[in-house]
Amino acid sequence: MKCQVSVLLGAALLCLVVLVLQPPTVRGDRLQPKGYKQTVEKLQQFYASFEQQVSREFRRWKQQGSMTPHFRHLIAASAIGKSERAQEIRELPTAREGPLCAICRGFGGSVLEFRREGASREEVFNTTVELCTMLNLQEESICRGLIDLNIDTILYIVDNRPELSSASLCAVVFQSGACVLDDPTFTEWAVELDPNGTPVTASKAGTPQRGPNDLKIVQITDLHFDPNYRPGYNAECGAPACCRESQGVPEDPAAGAGHWGDYRNCDTPWNAVEDLLERVAEEHADADFIYHTGDIIDHGIWETSIGYNVRSISRVVEKFRQTFGETPVYNILGNHEAHPTNVYELGEVTRPDFSTNWLYHLSADLWSQWLPQAAQQTIRLGGYYTALVCPGFRVIALNNNDCYTFNWWILFQPDALKGQLQWLHDVLLQAERAGEKVHILAHLPISSDCFSVWQREYRRILERFRDTISAQFHGHTHKDEFNVFYASESPEHAVGVAWNGGSGTSHTNVNPNYVVYYVNPETYEVTDFESYAYNLTSANMSPDERPAWFRMYSFQEEYGLSDLSPAGVDAMIQRLGTPAGRDELRRYWEYKVKLADASLATDCTEECLLNHLCEIVTNQADDLRKCQELSETFFD
C-alpha cells in the first residue's frame, strides 16, 4: 500500500509537461495493429519489471549522490524526441503508447517513493525537474515552472487518496489502450437515466436544405490572446508559446513573429483579436447569436497566475461587449482559463487555495448582461448554465473541462464528474417535457481527451435525448472539423453531430477562422455552415493592411448534402471511406487545417487521411468499431 501511494506525484509531474502543452498536429493514429491486445497484455508485465528496475537505480542515486551508468542509460533510452513535446497523446503513434506509459509508471513511481520516504517538497521538486529535463520532456525552465504550478495539487491528492496506484494514474492521464484502467473507483459510476427513451432503430434524419428564414449563429473559439506577443520576436523558441517579449529578437529575421500571428508555436496578438471580432460584426451584422466556446488564455502555461488570467479574460469579454452590442453572446470556459491550466477542482476539496471559484464568479459577472438571472447560480457553482433563448429553443453551456484527462482532480474523486452530467440530463428531461429543442456548447469535443467514463455517460445521455438535442458545438482542437455520434448498441445508426468552430489563433500550423451556421427556426438543426479564414502568410506580408478574410467553403455546397442531419452526414462519411471519395476526403483535410500554408506543405498520406476520417466517428477512447469498419472499405 505504501508503494502504491508513493507513485502518484512523480508520475503526474513527469508526464504533465509533455501532455498539456500543445494542440494536436495534423496527423493522427487511430488504427490498432493486429495482435494489439496480446501486446498490451505483455506490456503489463514489462511495466512492473521496469518500475522495479528504475526504482532500484533511483535509490542508488539518492543514496550515493550520483547516477550509475545504467541509470543514465535508462534515462537516455526513455527520453522523448522534441517533436513529441508538441503532440497530444491521442496524436502519437500507437507504437509510442507503451513506452510513454512505462515512463509514467517507472520514473514517476521512483520520485514518489522518494517522497514517501521523507523527502521534502523542495527535494521532490528539484528531483522531478532534473528528471523532466533529462527525459527531454521540456527545457528546464518550462519543467520548473509547470511543475511548480502543479506540485501542491498533486501532493494534496497523494495525501488524501492513499489507495491510488501508479497504474490507475497513468491509465487515466494517458487514456490509451496500452495503459489499462481496471480500478472500479474510476469506472463504476453512472448517470441516473430517465427510462422512457425509445430504442434506436434508424439514423436520425433532419431538416432539408437551408432556407431564407434560417437563424444565423456565429461561432468564435480559441482566440488564445497573448498580451506578451511581439512582432519580430523569436517564433522558434522551443517553448509551448513563442513570439513573446521575453524571448528576444532572433538573429535570423525568418524566425521572427509575424504582425498578424504566426504558424509556429505562437498565439494571437491583440490586433488580430480585434480584427476578427470587428470583421464578424461588420460582415455578419444580422447574426442572431454568437457562440464563444472558450480558450481565451495563451499557451504560456508554465507562468500563468490568477491575476494574469483575470486581466486577459476581462479584456476579451469586454471587447465582445463593445463589438456586438445587443447581439446575445453565449460564452463558455476553455481548459486554458483555469490556473493552473486544465485544473478544475472536483470533489470535496478542503483547501481554499485550490478552489476554481475565482473563475466561476468572474465568469458569472462578465457574462451577466447576456444571460437570465437564474443562470448565475450554476455558473458560480461550476461554470455551466442553461438559458431559454426563445420559446421552444434552449442553450445548454457546459464546463466539460472537468473531464479533461489532464485535470488532476479526476484522480481525487472521479465520481464527482457525475454532478454536471446529471444536471445536463435533468435539464434535457425538462426540455423534452416542454417540447424544447437544445443546442449544447462544450469546449472539449467529446472525442478529444475527455475521460473515457465521462465519454461513456455523455453518449448515454445524447442517445436518450437525441430528438431533443438539435446540435452540439465544440472548440479546443483548433481544427475546422466535426464529429458524428453513433448508438452504443447499434453503431450502424448515427444519432448526433457536433460541429467544431476551429480557432481564432494560428497556433499551430493553421489559419485563423470563424464559422457562420444557418439554423432552421423550427427544428433548430444546422442546415449549413460557412467557414471564413484568412491566409496568414499573405496577411503578414502586408502588416499595415487588415487581413483579407474570405469564405473558405459552404459545407453543404462542398459535399453536396441534402441535409446536415446525422443520417445525411453519415452517408457522406461512408462515401469518403471508399477510394472513390479520396479527393473529397483530401479536401476535408485541407479545410480542417484551414488551407494553412504550413500544414499543406506537409501533405497527408492515405494512412493520414484514414486517421482523420476515423477521428470523425470515434467518440470514446475504447470504442474503435466505426474506425475499423471504415478501414475495411478504405482501400477496396
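Residues numbered from 1 in each chain as written. Predicted model: local features only at pLDDT ≥ 70, side-chain atom pairs only at ≥ 80, totals over all residues. Heavy atoms only, no water.

1. Here we look at the UniProt feature "domain: Saposin B-type" (unreviewed entry) in the chain
Alright, step 1. According to UniProt, the positions carrying the feature "domain: Saposin B-type" (unreviewed entry) are residues 97-183.
Alright, step 2. Taken end to end, residues 97-183 is 74% helix and 0% strand, and its first and last C-alpha atoms sit 20 Å apart. (UniProt positions renumbered as here; feature names shortened; annotations may be inferred. Helix = DSSP H or I, 4+ residues; strand = E, 2+ residues; numbered from the N terminus.)

2. Considerations on the sheet that holds strand β4 (residues 385-390)
Alright, step 1. Strands sit in the order β4-β5-β6-β7-β9-β8 across an open sheet of 6 strands; the sheet is mixed. Every other strand in the sheet has two partners, leaving β4 and β8 (482-486) as the edge strands with one partner each. Sheet twist, expressed as the mean angle between neighbouring strand axes with direction ignored, is 20 degrees.
Alright, step 2. Direction of pairing for β8 relative to strand β9 (residues 494-500): antiparallel, over a ladder of 5 bridges. What sits directly across from Tyr486, in β9, is Ala494.
Alright, step 3. Docked against the sheet, helix α15 (residues 418-434) engages β4, β5 (393-397), β6 (437-441) and β7 (469-474), running at close to 180 degrees with respect to β5. (Pairing = 2+ DSSP bridges. Axes fitted to C-alpha atoms, helices over the stretch in contact; angles between N-to-C directions. Contact = heavy atoms within 4.5 Å.)

3. What to know about the pattern of salt bridges
Alright, step 1. In the structure shown here, the tally under the stated rule is 41 salt bridges.
Alright, step 2. A salt bridge links Glu57 to Arg60; the shortest N-O distance between them is 3.0 Å. Taken together, the positions of Glu57 and Arg60, both in helix α3 (residues 36-64) and 3 residues apart, correspond to about one turn of that helix.
Alright, step 3. Two residues, Glu481 and Lys592, come together in a salt bridge whose shortest N-O distance is 3.2 Å. Here Glu481, found in the loop between β7 and β8, pairs with Lys592, found in helix α20 (residues 582-592); they are 111 residues apart in sequence, far enough to count as distant.
Alright, step 4. The exposure class of Glu481 is buried, given its relative accessible area of 9%.
Alright, step 5. The buried category is assigned to Lys592, whose relative accessible area is 2%.
Alright, step 6. Salt bridges sharing common partners tie together Arg210, Asp528, Glu530, Arg551 and Glu557. (Salt bridge = Lys/Arg side-chain N within 4 Å of Asp/Glu carboxyl O. Buried < 20%, exposed > 50% of the residue type's maximum accessible area, 1.4 Å probe, protein only.)

4. A look at the environment of Tyr384
Alright, step 1. Inspection of the secondary structure assignment puts Tyr384 in the loop between α14 (375-382) and β4.
Alright, step 2. A C-alpha to C-alpha distance of 32 Å links Tyr384 and Ser166, two positions 218 residues apart in sequence.
Alright, step 3. The residues touching Tyr384, leaving out its near neighbours within four places in the chain, are Ala375, Thr378, Ile379, Ala397, Leu398, Asn399, Gln420 and Trp423.

5. Looking at the UniProt feature "binding site: Zn(2+) 2" (unreviewed entry) in the chain
Alright, step 1. UniProt marks Asp295, Asn335, His443 and His476 with the feature "binding site: Zn(2+) 2" (unreviewed entry), using the numbering shown here. Considering the C-alpha atoms alone, the annotated residues occupy 182 residues of sequence yet fold into one spot, their largest mutual distance being 8.2 Å.
Alright, step 2. Relative to the helices and strands, His443 is located in the loop between β6 and α16 (452-464).
Alright, step 3. Given the relative accessible area of 0%, His443 is considered buried.
Alright, step 4. In terms of polar contacts, His443 uses its side chain to reach the side chain of Asn335, at 3.1 Å.
Alright, step 5. Residue position: His476 is located in the loop between β7 and β8.
Alright, step 6. Accessibility expressed as a relative area gives 5% for His476, which makes it buried. (Polar contact = N/O pair within 3.5 Å; in protein donor to acceptor, adjacent residues only side chain to side chain.)

6. Some words on helix α11 (residues 270-283)
Alright, step 1. With 14 residues, α11 should cover 20 Å at 1.5 Å per step; its first-to-last C-alpha distance of 20 Å lies within 8% of that length.
Alright, step 2. Buried residues along α11 sit in contact with β1 (215-220), β2 (289-292), α12 (306-324) and β10 (513-519). (Expected span 1.5 Å × (residues − 1).)

7. Quick look at the nonpolar core
Alright, step 1. Membership of the largest hydrophobic core comes to 100 residues, with the highest contact counts inside it found for Ile220, Phe320, Tyr330, Phe482, Trp499, Phe555 and Ile573.
Alright, step 2. The residues touching Phe320, leaving out its near neighbours within four places in the chain, are Ile220, Leu223, Leu277, Ile290, His292, Gly325, Val329 and Trp370. (Core = buried A, V, L, I, M, F, W, Y, C linked by side-chain atoms within 4.5 Å.)

8. A few points about the pairing of β2
When a strand is regular, its side chains alternate between the sheet's two faces.
Alright, step 1. Burial of β2 is two-sided: the residues Phe289 and Tyr291 facing one way and the residues Ile290 and His292 facing the other way are all buried.
Alright, step 2. Sheet topology note: the β1/β2 ladder contains 4 bridges and is parallel. In the strand pairing of β2, Ile220 is matched with His292.
Alright, step 3. Handedness of the crossover is the feature at issue here: the chain leaves β1, passes through α11, returns alongside β2, and the resulting connection is right-handed. (Right-handed = clockwise from strand over helix to strand, strands pointing away.)

9. Section: the packing of aromatic side chains
Alright, step 1. Within this structure, the stated rule accounts for 41 aromatic pairs.
Alright, step 2. Over the face of the ring belonging to Trp370 we find Arg321, whose NZ or CZ atom lies 5.5 Å from the ring centre.
Alright, step 3. When the ring centre of Phe465 is taken as origin, the NZ or CZ atom of Arg464, which lies over that ring, is 4.4 Å away. (Phe/Tyr/Trp six-rings, centres within 6.5 Å; stacked < 30°, edge-to-face > 60°. Lys NZ or Arg CZ within 6 Å of the ring centre and 35° of its normal.)

10. Describing unusual backbone geometry
Among all residues except glycine, the phi angle is most often negative; among peptide bonds, the trans geometry is most common.
Alright, step 1. Cis geometry marks the peptide bond from His339 to Pro340, where omega comes out at -5 degrees.
Alright, step 2. For Pro340, the location among the structural elements is in the loop between β3 (329-331) and α13 (357-367).
Alright, step 3. Looking along the chain, the bond that leaves His507 and enters Thr508 is cis, with omega of 0 degrees.
Alright, step 4. Relative to the helices and strands, Thr508 is located in the loop between β9 and β10.

11. Comments concerning α16
Alright, step 1. Helix length check: α16, at 13 residues, gives a terminal C-alpha distance of 19 Å against a target of 18 Å (1.5 Å per residue), a fit within 8%.
Alright, step 2. Counting buried positions along α16 gives 11 out of 13 residues, so the element sits mostly inside the fold.
Alright, step 3. When α16 is considered as a whole, its buried residues turn out to be Ser452, Val453, Trp454, Gln455, Glu457, Tyr458, Arg459, Ile461, Leu462, Glu463 and Arg464.
Alright, step 4. Against α10 (184-187), α15, β6, β7, β8 and α23 (625-634) lie the buried residues of α16.

12. Thoughts on the packing of helix α6 (residues 97-116) against helix α9 (residues 166-174)
Alright, step 1. One way to put it is that α6 packs onto α9 with a least axis distance of 9 Å and a crossing angle of 135 degrees. By the angle between their directions, the pair α6 and α9 is classed as oblique. The two elements α6 and α9 cross, and the hand of that crossing is right-handed. In contact with Leu100, Cys101, Cys104 and Arg105 of α6, α9 contributes Ser166, Ala167, Cys170 and Phe174.
Alright, step 2. Taken together, the residues that form the contact of α6 with α9 break down as 6 nonpolar, 1 polar and 1 charged. (Parallel < 35°, antiparallel > 145°, perpendicular 65-115°, else oblique. Left-handed = near helix turned anticlockwise from the far one by under 90°. Nonpolar A, V, L, I, M, F, W, Y, C, P; charged D, E, K, R; others polar.)

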